[in-house]
Amino acid sequence: MNAREDFIEYEAVLSYCRNKTMSGYEQAVHYGRLSGYFTSDNKLTPMGRKIARLLEDGLAA
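Description of the structure in this document. Computed from a predicted structure; not experimentally measured.

## Focus on the side chain of threonine 45
For step 1, the next point in the chain: Structurally, the position occupied by threonine 45 is in the loop between α2 (25-35) and α3 (46-57).
For step 2, the next point in the chain: Among all residues touching threonine 45, those that are not within four sequence positions of it are Gly36, Tyr37, Phe38 and Thr39.

## Concerning unusual backbone geometry
For step 1, the next point in the chain: A positive phi angle, near 55 degrees, is found at methionine 22, a position not held by glycine.
For step 2, the next point in the chain: For methionine 22, the location among the structural elements is in the loop between α1 (3-21) and α2.
For step 3, the next point in the chain: The phi dihedral of asparagine 42 falls on the positive side, at around 65 degrees, and the residue is not glycine.
For step 4, the next point in the chain: Tracing the backbone through its elements, the reader meets asparagine 42 in the loop between α2 and α3.
For step 5, the next point in the chain: A relative accessible area of 25% means that asparagine 42 is categorised as partly exposed.

## So, α2
For step 1, the next point in the chain: When we look at burial in α2, the residues that qualify are Ala28, Val29 and Gly32. In a view along the axis of α2, the buried residues occupy a sector of 95 degrees, so they form one face of it. Opposite its buried face, α2 presents the exposed residues Glu26 and Leu34, each directed more than 90 degrees away.
For step 2, the next point in the chain: Elements that come into contact with the buried residues of α2 comprise α1.

## A look at the packing of aromatic side chains
For step 1, the next point in the chain: Evaluation of the coordinates by the stated rule reveals two aromatic pairs.
For step 2, the next point in the chain: Here tyrosine 10 and phenylalanine 38 contribute two aromatic rings whose centre-to-centre distance is 5.2 Å and whose plane-to-plane angle is 50 degrees, an arrangement assigned as tilted. Taken together, the residues span a long stretch of sequence, with tyrosine 10 in helix α1 and phenylalanine 38 in the loop between α2 and α3 at a distance of 28 residues.
For step 3, the next point in the chain: In this structure tyrosine 10 comes out as buried when scored by relative accessible area, which is 16%.

Cut-offs and rules
Every residue gets a number counted from 1 within its own chain, in the order that chain's sequence is written. Residues qualify for local features only when their pLDDT is at least 70, as the model is predicted, and side-chain atom pairs are given and counted only at 80 or more; totals for whole chains, interfaces and linings, by contrast, use all residues. For side-chain calculations, the full set of non-hydrogen atoms in the structure is used, while hydrogens and water are omitted. Helical segments are the DSSP runs of H or I of at least four residues, strand segments are the runs of E of at least two, and each set is numbered from the N terminus. Contact definition: two residues touch when any of their heavy atoms are within 4.5 Å. Categorising residues by exposure relies on relative accessible area from a 1.4 Å probe, with only protein chains included: less than 20% of the type maximum marks a residue as buried, more than 50% marks it as exposed, and the intermediate range marks it as partly exposed. What the arc describes is the spread of directions from the helix axis to the C-beta atoms. The rule is short: rings of Phe, Tyr and Trp, with Trp giving its six-membered ring, pair when the centres are within 6.5 Å, and they are stacked under 30 degrees, edge-to-face over 60, tilted in between.

Encoded structure:
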């Protein structure tokens, strides 16, 4: 994967988390970590990558 795709996936998951928490960045990242989407150093986990693909396809709830 290249840096642009990584960035797009990260932003998609972060946006999803922000919508779920209806809060700012810190709360969204915390939610993402608790949900298994982000690692402790804020990188996408394999689950986070799956969510990003689902979001791109319009299938995430």
